[in-house]
Amino acid sequence: MCELLGMSANVPTDICFSFTSLIKRGGDKGPHKDGWGITFYEGKGCRTFKDPEPCSYSAIAKMVQEYPIKSKAVVAHIRQANRGAVALENTHPFTRQLWGKNWTFAHNGQLTDYQDLNTGFFQPIGETDSEYAFCYLINQLHQKFHQQPCDVLVLFRFIKLCADKLSEQGIFNMLLSDGQFVLAYCTTNLHWITRRAPFGKAKLLDEDVEIDFQKHTTPNDVVTIISTLPLTSNETWHKLDRSEAILFKNGEIIQSFSSLCEP
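1. Details of the sheet that holds strand β15 (residues 252-257)
Moving on, step 1. Pairing within the open sheet is antiparallel, and its six strands lie in the order β5-β6-β7-β8-β14-β15. Two strands bound the open sheet, and with one partner strand each, they are β5 (94-98) and β15. Strand-to-strand, the axes of this sheet are offset by a mean angle of 20°, without reference to chain direction.
Moving on, step 2. Across four bridges, strand β7 (residues 173-177) lies against strand β8 (residues 181-185) in antiparallel orientation. Each residue of the ladder has a partner; that of Leu176, found in β8, is Leu183.
Moving on, step 3. Most of the contacts of helix α4 (residues 152-167) go to β8, to which it runs at about 30°, and overall it touches β6 (101-108), β7, β8, β14 (245-249) and β15.

Written out as structure tokens, the structure is:
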């Protein structure tokens, strides 16, 4: 299956260290050779880099790895194709506009009967179950709310309810962001870690790379990394429960939706 990588931080932060591990899993030390992508939010805008080539051998991935783009919200993905051809249009993350915001989505898993999902105005460009699920999700928001609710917990509680319904059709591990918030939803594998002062050292599992975060941070920095599987060998990662969703903003947990939510 695919792997996800996300970040939520309270200050613009680069994700080069974690992305280095993702690159190794993208066709080198892992089977995820069918494309990759990453979206960085910067203010109200976002920039996305995608490539249907294996991440481990992608010149674009190498450029992203060496160019420290700083962001407070990041969504990334490496693909092992199971629905749809290996092609740029089927490469995650996917982005759609709603309420004047860019919403970005990446999915790990497989869904059945996904072509029957009601996507409304938000038609898929590619063939994947993931993009169908995203278009369904955005269409549900469009139909439920004429404008973005003032209460963000009302909004994300409804998104969690939609994710619960999608998970009935298969495995649905998801990252979703509007640039301010990052939502992680799990049915099988999704982990997170929050780093804050006092910062220490971390060593990657997939590459002989170690970093001393204390040299690259301030005492006020808070950075949360979300990944399908833990990326480091000397830190304690937390695993999401089945059907759990966690909402992050500025690196902090805003809300954990652990059980089925009422509409």
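2. Re the environment of Trp237
Moving on, step 1. Topologically, Trp237 is positioned in the loop between β12 (222-227) and β13 (238-239).
Moving on, step 2. Distance from Trp237 to Val74, taken between C-alpha atoms, is 19 Å for residues 163 residues apart in sequence.
Moving on, step 3. A polar side-chain atom of Trp237 sits 2.8 Å from a polar atom in the side chain of Thr232.

3. Structural notes on the packing of helix α3 (residues 129-144) against α4
Moving on, step 1. The contact between α3 and α4 brings their axes to 10 Å, and the two run at 140°. Taken together, α3 and α4 sit at an angle that is classed as oblique. In the crossing of α3 with α4, the sense of the turn from one axis to the other is right-handed. Here α3 contributes Ala133, Tyr136, Leu137, Gln140, Leu141 and Lys144 to the contact with α4, which in turn contributes Leu155, Phe158, Ile159, Cys162, Lys165 and Leu166.
Moving on, step 2. Within the contact of α3 with α4, the residues separate by chemical class into nine nonpolar, one polar and two charged.

4. Quick notes on the nonpolar core
As a rule of thumb, soluble globular proteins bury nonpolar side chains together.
Moving on, step 1. In this structure, Trp103, Phe156, Ile159, Phe172, Met174 and Leu176 are the most contacted members of the largest nonpolar core, which totals 34 residues.
Moving on, step 2. Of all the secondary structure elements, the ones that give two or more residues to this core are β5, β6, α3, α4, β7, β8 and β14.
Moving on, step 3. Judged by nonpolar contacts, the second largest core, of 23 residues, contains Met7, Ile38, Phe49 and Ile193.

5. Some details on the pattern of salt bridges
Moving on, step 1. If you walk through the whole model with that rule in mind, you get seven salt bridges.
Moving on, step 2. Here Lys62 ties to Glu66 by a salt bridge, and the two come within 2.9 Å at their closest N and O atoms. Of the two residues, Lys62 and Glu66 are both situated in helix α2 (residues 59-66); the distance of four residues between them amounts to about one turn of the helix.
Moving on, step 3. We classify Glu66 as exposed; its relative accessible area is 54%.
Moving on, step 4. A salt bridge links Glu235 to Arg195, with the nearest nitrogen and oxygen atoms 2.8 Å apart. Of this pair, Glu235 sits in the loop between β12 and β13 while Arg195 sits in strand β9 (residues 191-196); the two residues are 40 residues apart in sequence, bridging distant segments of the chain.
Moving on, step 5. Residue classification places Arg195 among the buried residues on the basis of a relative accessible area of 8%.

6. Digging into the pairing of strand β3 (residues 45-51)
Moving on, step 1. Relative to β3, strand β2 (residues 36-42) is paired through seven bridges, and the arrangement is antiparallel. Across the sheet, Thr39 pairs through a bridge with Thr48, a residue of β3.

7. Overview of the side chain of Ser58
Moving on, step 1. Mapped onto the elements, Ser58 comes out in the loop between β3 and α2.
Moving on, step 2. The class for Ser58 is buried, based on a relative accessible area of 5%.
Moving on, step 3. Setting aside residues no more than four positions away along its own chain, Ser58 makes contact with Trp36 and Asp51.

8. Structural notes on the side chain of His92
Moving on, step 1. As for its placement among the helices and strands, His92 is situated in the loop between β4 (71-78) and β5.
Moving on, step 2. Under the relative-accessibility criterion, His92 is labelled buried at 2%.
Moving on, step 3. A polar atom in the side chain of His92 sits 3.4 Å from the side chain of His77.
Moving on, step 4. A distance of 3.5 Å separates a polar atom in the side chain of His92 from a polar atom in the side chain of Ser130.

9. Points about the sheet that holds β13
Strands in a sheet are paired, the pairing made by backbone hydrogen bonds, and the direction either parallel or antiparallel.
Moving on, step 1. A sheet is described by the order of its strands in space; here seven strands give the open sequence β3-β2-β4-β1-β12-β9-β13, paired in antiparallel fashion. Whereas interior strands pair on both sides, the edge strands pair on one side only; in this sheet they are β3 and β13.
Moving on, step 2. By the bridge criterion, six bridges tie β9 to β12 in an arrangement that is antiparallel. Paired with His191 across the bridge in β12 is Ser227.

Definitions and cut-offs
- Residues numbered from 1 in each chain as written.
- Predicted model: local features only at pLDDT ≥ 70, side-chain atom pairs only at ≥ 80, totals over all residues.
- Heavy atoms only, no water.
- Pairing = 2+ DSSP bridges.
- Helix = DSSP H or I, 4+ residues; strand = E, 2+ residues; numbered from the N terminus.
- Axes fitted to C-alpha atoms, helices over the stretch in contact; angles between N-to-C directions.
- Contact = heavy atoms within 4.5 Å.
- Polar contact = N/O pair within 3.5 Å; in protein donor to acceptor, adjacent residues only side chain to side chain.
- Parallel < 35°, antiparallel > 145°, perpendicular 65-115°, else oblique.
- Left-handed = near helix turned anticlockwise from the far one by under 90°.
- Nonpolar A, V, L, I, M, F, W, Y, C, P; charged D, E, K, R; others polar.
- Core = buried A, V, L, I, M, F, W, Y, C linked by side-chain atoms within 4.5 Å.
- Buried < 20%, exposed > 50% of the residue type's maximum accessible area, 1.4 Å probe, protein only.
- Salt bridge = Lys/Arg side-chain N within 4 Å of Asp/Glu carboxyl O.

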